[in-house]
Amino acid sequence: MKYERQRHEMVKNQIEARGVTDSKVLAALRKVPRHLFISEALRDQAYGDFPLPIGEQQTISQPYIVAEMTQALQPGEDDRVLEIGTGSGYQAAVLAEIVFRVYTVERIYPLFVQTRKLFDKLKYHNIVTKYSDGTLGWEDEGSFDGIIVTAGAPEIPKFLVNQLAVGGRMVIPVGNQYSQELIKLYKNERGTHKTNLGGCRFVKLVGEYGWREQ
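Residues numbered from 1 in each chain as written. Predicted model: local features only at pLDDT ≥ 70, side-chain atom pairs only at ≥ 80, totals over all residues. Heavy atoms only, no water.

**Student:** What is the right way to read the pairing of strand β7 (residues 164-175) from this model?
**Tutor:** Two faces make up the sheet, and in a regular strand the side chains alternate between them. Among the 12 residues that make up β7, nine are buried, leaving the element largely enclosed by the rest of the structure. Direction of pairing for strand β6 (residues 144-149) relative to β7: parallel, over a ladder of four bridges. Within the sheet, the bridge partner assigned to I147 lies in β7 and is M170. By the bridge criterion, seven bridges tie β7 to strand β8 (residues 180-188) in an arrangement that is antiparallel. Paired with M170 across the bridge in β8 is L185. Counted along the chain from β7 to the antiparallel partner β8, the turn is four residues long. (Buried < 20%, exposed > 50% of the residue type's maximum accessible area, 1.4 Å probe, protein only. Helix = DSSP H or I, 4+ residues; strand = E, 2+ residues; numbered from the N terminus. Pairing = 2+ DSSP bridges.)

What follows is the structure in structure tokens.
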């Protein structure tokens, strides 16, 4: 009950108050138990207005960023969405409440194993996971109605653009290793069209078409 109350307050004060209006996104954020996607030691901070560490030098994004990116993706109930960077699994779970199926790729094995177990426990049967280099996408399952990238890329990976369906949307942070711009890409018969949604800061997108491993 405590977490449910905190979740509703989070949506009201952090999400709706900043202009997120998509009713499907708001409903998903009210439902997904964010506190289960972080360690027990940090659970009292789960619904705060900030990112939190999840181990392996990765983070769970600030709730507002999750909401903003999900709304920008314009998810529909019949959509098949590819997520690059499973991380904690929270973003995938929010999407899974809205869309038909989520395909999510993680390159860090302990996070991949941990999130797969959590998805099973929470009965997210419409989330499909893969341990791989996310910058290559998931060619066998494309094309996708939406692609969401939860790490900062030096540029938009061409493999991901190729796996986006006509009429599809991609949301991806692009910039240097310290700050990025959140880019929404829309693909139609004439090509791709980009909109800058403003500044953000994510961990690095590491992979063949991202940043190199240190």
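**Student:** How should the nonpolar core be read in this particular structure?
**Tutor:** Side chains that are nonpolar tend, in soluble globular proteins, to be buried together. In this structure, L29, F37 and Y90 are the most contacted members of the largest nonpolar core, which totals 45 residues. Those elements that place two or more of their residues in this core are α1 (2-15), α2 (23-31), β1 (52-55), α3 (63-73), α4 (90-96) and α5 (109-121). Considering every element that reaches this core, the biggest residue donor is α3, with seven residues. Excluding anything up to four places from it in sequence, L29 contacts R7, M10, V11, I15, V66, A67, Y90 and V94. Within the second largest apolar cluster, 20 residues are counted, among which are I84, I147, I172 and L185. (Core = buried A, V, L, I, M, F, W, Y, C linked by side-chain atoms within 4.5 Å. Contact = heavy atoms within 4.5 Å.)

**Student:** Whenever I open this one, the packing of aromatic side chains confuses me. Can you help?
**Tutor:** Ring pairs (aromatic) are described by centroid distance and by the angle formed between their planes. Scanning the entire structure with this criterion turns up seven aromatic pairs. Measuring from centroid to centroid gives 5.5 Å for Y103 and W138, while their planes differ by 85°, and the two rings are edge-to-face. In this pair, Y103 sits in strand β4 (residues 101-106) while W138 sits in the loop between β5 (127-131) and β6, placing the two residues 35 residues apart along the sequence. Across the pair, W138 and Y103 agree in class, each one buried. (Phe/Tyr/Trp six-rings, centres within 6.5 Å; stacked < 30°, edge-to-face > 60°.)

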